[in-house]
Number of protein chains: 2
Amino acid sequence: PAWERDEDAIVRTVELADFAAALRFVNRVAELAEAADHHPDITIRWNKVTLTLSTHSAGGLTGKDFELARRIDALD
Amino acid sequence: PAWERDEDAIVRTVELADFAAALRFVNRVAELAEAADHHPDITIRWNKVTLTLSTHSAGGLTGKDFELARRIDALD
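These lines cover the structure that appears in this document, whether it is placed above or below. Counting of residues starts from 1 at the beginning of each chain's written sequence and follows it residue by residue. Chain letters and ligand numbers both follow the written order, the letters beginning at A and the numbers at 1. Note on the predicted model: pLDDT of at least 70 is required for a residue's local features to be given, and 80 or more for side-chain atom pairs to be given and counted; whole-chain, interface and lining totals, by contrast, use all residues. Neither water nor hydrogens contribute to the side-chain values; these are computed over all heavy atoms in the structure.

## Comments concerning the interface of chain B and chain A
Right, so step 1: Residue contacts are defined here by distance: any two heavy atoms, one from each residue, within 4.5 Å place the two residues in contact. Across the contact, 16 residues belong to chain B and 16 residues belong to chain A.
Right, so step 2: Across the chain B/chain A interface, buried area totals approximately 1,300 Å², and carbon plus sulfur atoms make up 62% of it.
Right, so step 3: Accessible area that two parts lose when put together, evaluated with a 1.4 Å probe and summed over both, is termed the buried area. Sorting the residues of chain B by area buried against chain A places B:Phe19, B:Ile42 and B:Ile44 first, and these three jointly supply 36% of that buried surface.
Right, so step 4: The rule for a salt bridge is simple: a side-chain nitrogen of Lys or Arg has to be within 4 Å of a carboxyl oxygen of Asp or Glu. Inspection of the region where chain B meets chain A yields zero salt bridges.
Right, so step 5: Contacts described as polar in this section are N or O atom pairs within 3.5 Å, which, within protein, must combine one atom able to donate a hydrogen with one able to accept it, while residues neighboring in sequence count only if both atoms come from side chains. Joining chain B to chain A, the criterion identifies four residue pairs in polar contact (both at pLDDT 80 or more).
Right, so step 6: Among the secondary structure elements, those contributing two or more residues to the side of chain B that touches chain A are α1 (19-36) and β3 (41-45) of chain B.
Right, so step 7: Counting from the N terminus, the helices are DSSP H or I runs at least four residues long and the strands are E runs at least two residues long. Among the elements that make up the side of chain B that touches chain A, the one with the highest residue count is α1(B) (eight residues).

## Focus on the pattern of salt bridges
Right, so step 1: All chains considered together, the criterion is met by six salt bridges over all chains.
Right, so step 2: Residues A:Glu67 and A:Arg70 are paired through a salt bridge, measuring 2.9 Å at the closest nitrogen-oxygen approach. With A:Glu67 and A:Arg70 both in helix α2 (residues 63-73) and three residues apart, this pair spans about one turn of that helix.
Right, so step 3: For the exposure calls, accessible area comes from a 1.4 Å probe over protein chains only, and a residue counts as buried if that area is under 20% of its type's maximum, exposed if over 50%, partly exposed in between. A relative accessible area of 30% means that A:Glu67 is categorised as partly exposed.
Right, so step 4: In this structure, B:Asp73 engages B:Arg12 in a salt bridge whose closest nitrogen and oxygen atoms are separated by 2.6 Å. Taken as a pair, B:Asp73 in helix α2 (residues 63-73) and B:Arg12 in strand β2 (residues 9-15) lie far apart in primary sequence, 61 residues in all.
Right, so step 5: Note on B:Arg12: relative accessible area 2%, which makes it buried.

## Observations concerning the environment of A:Arg12
Right, so step 1: A sequence separation of 62 residues divides A:Arg12 from A:Ala74, and the C-alpha atoms of the two residues are 14 Å apart.
Right, so step 2: Only 2.5 Å separates the side chain of A:Arg12 from the side chain of A:Asp73, close enough to count as a polar contact.

## A look at the packing of α1(B) against α2(B)
All names here are of chain B.
Right, so step 1: At a minimum axis separation of 10 Å, α1 and α2 run at an interaxial angle of 140°. By the angle class used here, α1 and α2 are oblique. Crossing of α1 against α2: the hand is right-handed. From α1, Phe25, Val29, Leu32, Ala33 and Ala36 reach across to α2, where they touch Lys64, Leu68, Arg71 and Ile72.
Right, so step 2: All residues other than Ala, Val, Leu, Ile, Met, Phe, Trp, Tyr, Cys, Pro, Asp, Glu, Lys and Arg, Gly among them, are scored as polar; the first ten of these are nonpolar and the last four charged. In terms of residue class, the contact of α1 with α2 is built from seven nonpolar, no polar and two charged. An axis is simply a line fitted to the C-alpha atoms; with a helix, the fit covers only the stretch in contact. Between two such axes, the angle follows the N-to-C directions and lies from 0 to 180 degrees. Throughout this description, any angle smaller than 35 degrees is read as roughly parallel, any larger than 145 degrees as roughly antiparallel, any in the 65 to 115 degree range as roughly perpendicular, and the remainder as oblique. Crossing chirality is assigned from the near helix's rotation relative to the far helix, an anticlockwise turn below a right angle marking it left-handed and a clockwise turn marking it right-handed.

## Let's talk about the relation of the copies chain B and chain A
Right, so step 1: What sets the superposition is a least-squares fit of C-alpha atoms, and only residues with pLDDT of at least 70 in both copies go into it. Between the two copies, chain B and chain A, the superposition gives an RMSD of 0.0 Å; the rotation angle is 180° and the shift along the axis is 0.0 Å. Here the transformation between the copies is reduced to the relation of a two-fold axis. Of the C-alpha atoms belonging to chain B, the one lying closest to the rotation axis is found on B:Thr43, 2.1 Å away.

Right, here's the structure in full:
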């Protein structure tokens, strides 16, 4: 479950069993995002979910990104 | 609520009130997708949801794409 640096963001793609499982994962990520008031870009391609974290208001990565990434990783 | 052609796909971006509303919209789209056994690529950027429909197994657009697009439009 590795995050990779992509310019001013960190990106992780998670592969789930199917689309329904991908949606359940997205909804759990969304709860964490709302709790943190920090929202990754989320792309769903059937069973694959790509999360992109960056702090747009700061023009790059901040502690908020790494903290939310850590909480998302703890979902697994 | 217009779909635009992008090569072998049709694409629509819907702007909702906020992230929570975007998630609710995605979950409703997901129900339609599961019912149709046809799944758009879905990207969520805070309050904006982009849906991309194509029939990968057919290498392009088919009636399944336009039918699901019609059902998604009926959600509004």
